Amino acid sequence: MAAAIQVRQLTKRYGQLVALDQIDLEIQQGEFFGLLGPNGAGKTTLISSFAGLVAPNSGRVAIMGHDVQTDYQNSRRCLGVVPQELVYDPFFTVRETLQFQSGYYGIRKNDAWIDEILANLDLTGKADTNMRKLSGGMKRRVLVAQALVHRPPVIVLDEPTAGVDVELRQTLWKFIRRLNEEGHTIVLTTHYLEEAESQCGRIAMMKAGQVIALDRTSALLRRFATHTLRITLRNGDVLPARIAETAERRGTQWQLQFERFEQIEQMLAELRNAGCVVEDMEVGKPDLEEVFVKLMRAETE
Amino acid sequence: MTSFLTLLYKEVLRFWKVGYQTVAAPALAALLYQLIFSHVLSTHVKVYETLSYTSFLIPGLVMMSVLQNAFANSSSSLIQSKVTGNIVFVLLPPISYGAFYAAYVIASVIRGFVVGVCVLLASWWFSPLTFVAPLWILVFAVLGAALMGTLGIIAGLWADKFDQLAAFQNFLIMPLTFLSGVFYSIHSLPEFWQMVSSYNPVLYMIDGFRYGFFGISDISPWRCLSVVMICYLLLTGLALILLKRGYKLRS
Ligand SMILES: Nc1ncnc2c1ncn2[C@@H]1O[C@H](COP(=O)(O)OP(=O)(O)O)[C@@H](O)[C@H]1O
Ligand SMILES: [Mg+2]
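It should be emphasised that the depicted structure is a prediction, and the values quoted were computed from it without experimental measurement. (Residues numbered from 1 in each chain as written. Chains lettered and ligands numbered in written order. Predicted model: local features only at pLDDT ≥ 70, side-chain atom pairs only at ≥ 80, totals over all residues. Heavy atoms only, no water.)

Asker: Sorry if this is basic, but what is going on with the sheet that holds strand β11 (residues 227–233) of chain A here?
Answerer: Strands belonging to one sheet form pairs held by backbone hydrogen bonds; the direction of such a pair is parallel or antiparallel. All names here are of chain A. If you walk across this open sheet you meet the four strands as β12-β13-β11-β14, and the pairing is antiparallel. Strand pairing shows two members of the sheet lacking a second neighbour, β12 (248–250) and β14 (278–284), which therefore form its edges. Neighbour-to-neighbour, the strand axes of the sheet open up by a mean angle of 25°, direction not taken into account. The strands that helix α10 (residues 262–273) touches are β11, β13 (253–258) and β14; relative to β13, the one it contacts most, it runs at about 140°. (Pairing = 2+ DSSP bridges. Helix = DSSP H or I, 4+ residues; strand = E, 2+ residues; numbered from the N terminus. Axes fitted to C-alpha atoms, helices over the stretch in contact; angles between N-to-C directions. Contact = heavy atoms within 4.5 Å.)

Below, the structure is given as structure tokens:
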């Protein structure tokens, strides 16, 4: 089975700037893949090279086994891209936009599928509205719809939820998860780390044109994140000096960092020996934001 | 084929939806030229013995409208799509560069024809017209419009901003079309300016087109056809190379 997306030694330069630096990446069919990184990391450039919008200086990209340069007809047919910018054609209605997009892919009568997409994105009522009259969130949905008209096996979304309200975000995720369950490969970039954490099976973190971490989401969290222990002591109890050194005060709570669960035991034993009584305790899960910040900082040093 | 037809239909619908701006306005402008120039000049200028100046003027104005609007269509469509970013909608699908070229050029020819026919019908009312060789009329209209539609593609690809395109239009297209014998016969010019004019390809389009109406012209229609055809093929070759390379489309 061909990889959904295969990137080999991909390099793209803009003058002096190296936007993509010998990227190697393989995304399997059926994956829900996240592409994370600060602004300017090269995420959009990478996505554009999947679509043949950017001509790389060297390296290759294949979509479902079809080379983006030499077999562009098939590679483009296999790919649906939701661009980052909120672009639209002000001359046409939502339905016209989607009918044209179908036609560009050689699909003549596509209204049944168009209606289904519209319904899933809560756009049915806007089908005959001019693009110009839609709100930003609505335009974003139409962009998603446009990427789906030709039922591509691989769907790439470049910051699909940037500047989008909570309600739409949920509608969108529900639909995209369904597409993923039906076998579509999903690749997305996002700034909302909790979103990537809850949706993506695997994550690549990019910085300055390089992939600096690539792993299953759970493994990334295990590898890089620390756990947080929050405790509330009985009124008047004083935290032992050794622990207080690394603890952080949050209101009545103390916040402690640890890496392995065995360390909790030791900590509690120390507290008991110091005569402290723990009134309340919770263990916080590691989150992707922490991983992200750590990785970005580590790379800078 | 479907992708080509869709792109063509989209391009035609694009200008048709704002027809007052893309068809009615240029047609009105041509009629105003007709009205003013024929009123001012008809008693002073005699271009050909057998022809009134008002009649002489009509084919030139019709062709000028065809050419300017064919250029405007492809160039403004491309620059708008590039500036607003929606060009990506036609870059993502597997549309071949040949289909891309054909769709934009044919849409330009259609717009040129629609405006040209409007001007022709309206000005016919001012002055009698003959159609001595309708085939020549058609050949020059199609070829001229396709040439300018192709030039519009090249200009639209090259320009990054609206003002660059406006400069192209104001400093190249306008002078070439105005100084092409629309309002006069080149034989009425001093010899030096006749020589300069003979390097203007638009002159051959206008003159050949006019021949189709009256059967008289400054230059033989065959010579006009050769010049226009060669220019068309050169520009088409250039446009196809640019599109194939994704010039300023795929960075
Ligand atoms: N067309 C371009 N010309 C010059 N530089 C560009 C161009 N496109 C992107 N860049 C640069 O390449 C780098 C990567 O950009 P991009 O892929 O948009 O990052 P991201 O999507 O991760 O924010 C940035 O430094 C950006 O300024
Ligand atoms: Mg980006």
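Asker: Sorry if this is basic, but what is going on with the nonpolar core here?
Answerer: One broad rule of soluble globular proteins: the nonpolar side chains tend to lie buried together. All names here are of chain A. Ile5, Val7, Leu46, Phe50, Ile63, Met205 and Leu288 are the most contacted members of the largest nonpolar core, which has 165 residues in total. Beyond its immediate stretch of four places on either side in the chain, Met205 contacts Leu36, Gln210, Val211, Ile212, Ala213, Leu220, Leu288, Val291, Phe292 and Leu295. Grouped together as the second largest cluster of nonpolar side chains are 13 residues, Leu239, Ile243, Phe258 and Cys276 included. (Core = buried A, V, L, I, M, F, W, Y, C linked by side-chain atoms within 4.5 Å. Buried < 20%, exposed > 50% of the residue type's maximum accessible area, 1.4 Å probe, protein only.)

Asker: Explanation requested: the pairing of β13 of chain A in the structure shown.
Answerer: Residue and element names in this part refer to chain A. With five of its six residues buried, β13 lies for the most part within the structure. Relative to β13, β11 runs antiparallel, the two sharing six bridges. Looking at β13, one finds that Ile231 is bridged to Trp254. Two successive antiparallel strands, β12 and β13, enclose a turn made up of two residues, where Gly251 displays a positive phi of approximately 65°.

Asker: I keep staring at the coordination of the magnesium ion (ligand 2) and nothing clicks. Help me out?
Answerer: Reference values for coordination geometry: four tetrahedral donors around a metal ideally subtend 109.5 degrees, six octahedral donors ideally subtend 90 or 180 degrees. All names here are of chain A. Protein coordination of the magnesium ion (ligand 2) is provided by Thr44 (OG1) and Gln84 (OE1), with donor distances spanning 2.0 to 2.2 Å. Of this pair, Thr44 sits in helix α1 (residues 43–50) while Gln84 sits in the loop between β6 (79–82) and α3 (94–104), placing them 40 residues apart in sequence. Exposure remark for Gln84: the relative accessible area of 27% places this residue in the partly exposed category. (Donors = N, O, S within 2.8 Å, 3.2 Å for Na, K, Ca; no water.)

Asker: I'm lost on the site of ligand 1 in this one. Help?
Answerer: Residue and element names in this part refer to chain A. Around ligand 1 lies a shell formed by Tyr14, Leu17, Ala19, Pro38, Asn39, Gly40, Ala41, Gly42, Lys43, Thr44 and Thr45. At 2.7 Å from an oxygen atom of ligand 1 is found a main-chain nitrogen or oxygen belonging to Gly40. For ligand 1, an oxygen atom lies 2.7 Å from a polar atom in the side chain of Thr44. Looking at the shell around ligand 1, the elements with two or more residues in it are β2 (17–27) and α1. Considering every element that reaches the shell around ligand 1, the biggest residue donor is α1, with three residues. (Near = heavy atom within 4 Å. Polar contact = N/O pair within 3.5 Å; in protein donor to acceptor, adjacent residues only side chain to side chain.)

Asker: Sorry, what's going on with helix α6 (residues 134–158) of chain B here?
Answerer: One full turn of an α-helix is made of 3.6 residues, so residues set three or four places apart face in the same direction. Taking 1.5 Å of rise per residue, 25 residues should cover 36 Å, and α6 of chain B covers 36 Å from first to last C-alpha, within 8% of that figure. Within α6 of chain B, 19 of the 25 residues are buried, which leaves it mostly tucked inside the rest of the structure. (Expected span 1.5 Å × (residues − 1).)

Asker: Please clarify how the interface of chain A and chain B should be interpreted in this entry.
Answerer: Interface extent is often summarised as the accessible area lost during association of the parts. Listed as interface residues are 30 residues of chain A and, on the opposing side, 26 residues of chain B. Here chain A and chain B share an interface that buries about 2500 Å² over both sides, 63% of which is from carbon and sulfur atoms. The largest per-residue losses of area from chain A upon contact with chain B belong to Leu53, Phe91 and Tyr104 of chain A, which jointly make up 31% of the total buried on that side. Joining chain A to chain B, the criterion identifies one salt bridge. Note that Glu96 of chain A and Lys17 of chain B form a salt bridge whose closest N and O atoms lie 2.7 Å from each other. Linking chain A to chain B there are 12 residue pairs in polar contact (both at pLDDT 80 or more). Going through the elements one at a time, β1 (5–14), α2 (72–77), α3 and α5 (136–148) of chain A are the ones with two or more residues in the side of chain A that touches chain B. (Buried area = accessible area lost by both parts, 1.4 Å probe. Salt bridge = Lys/Arg side-chain N within 4 Å of Asp/Glu carboxyl O.)

Asker: For this particular structure, what's the right way to read the packing of aromatic side chains?
Answerer: Think of a pair of aromatic rings as described by two things: how far the centres are apart, and how the planes are tilted against each other in angle. Summed over the entire model, instances satisfying the criterion amount to 22 aromatic pairs over all chains. Measuring from ring centre to ring centre gives 6.0 Å for Tyr33 of chain B and Phe183 of chain B, while their planes differ by 65°; the resulting arrangement is edge-to-face. One end of the pair, Tyr33 of chain B, is in helix α2 (residues 19–41); the other, Phe183 of chain B, is in the loop between α7 (162–178) and α8 (191–197), and 150 residues separate them in sequence. Overall, Tyr33 of chain B belongs to the partly exposed group, its relative accessible area being 27%. Note on Phe209 of chain B and Phe213 of chain B: the rings are 5.2 Å apart at their centroids and 65° apart in plane angle, and the pair reads as edge-to-face. In this pair, Phe209 of chain B and Phe213 of chain B are both assigned in helix α9 (residues 201–214), four residues apart and thus about one turn of the helix distant. Lying across the ring of Trp113 of chain A, Arg151 of chain A places its NZ or CZ 4.2 Å from the centre. When the ring centre of Phe91 of chain A is taken as reference, the NZ or CZ atom of Arg14 of chain B above it lies at 5.5 Å. (Phe/Tyr/Trp six-rings, centres within 6.5 Å; stacked < 30°, edge-to-face > 60°. Lys NZ or Arg CZ within 6 Å of the ring centre and 35° of its normal.)

Asker: Please clarify how helix α1 (residues 2–17) of chain B should be interpreted in this entry.
Answerer: Here α1 of chain B spans 22 Å end to end across 16 residues, near enough to the 22 Å set by a 1.5 Å rise per residue. Among the residues making up α1 of chain B, those that are buried are Thr2, Ser3, Phe4, Thr6, Leu7, Leu8, Lys10, Glu11, Leu13, Arg14 and Phe15 of chain B. Check the buried side of α1 of chain B and you find it contacts α3 of chain A together with α2, α3 (53–84), α4 (88–91) and α5 (97–124) of chain B.

Asker: Looking at this structure, I do not really get the packing of α5 of chain B against helix α10 (residues 221–245) of chain B. What am I missing?
Answerer: The description of two helices packed together rests on the angle between their axes and the distance between the axes. Residue and element names in this part refer to chain B. α10 packs onto α5 with a crossing angle of 130° between their chain directions and a minimal axis gap of 9 Å. With respect to their mutual orientation, α5 and α10 come out oblique. Crossing geometry of α5 relative to α10 is assigned as right-handed. Every residue of α10 that contacts α5 at Tyr97, Gly98, Phe100 and Tyr101 is listed here: Tyr232, Thr236, Ala239, Leu240, Leu243 and Lys244. For the contact of α5 with α10, the class distribution of residues is seven nonpolar, two polar and one charged. (Parallel < 35°, antiparallel > 145°, perpendicular 65-115°, else oblique. Left-handed = near helix turned anticlockwise from the far one by under 90°. Nonpolar A, V, L, I, M, F, W, Y, C, P; charged D, E, K, R; others polar.)

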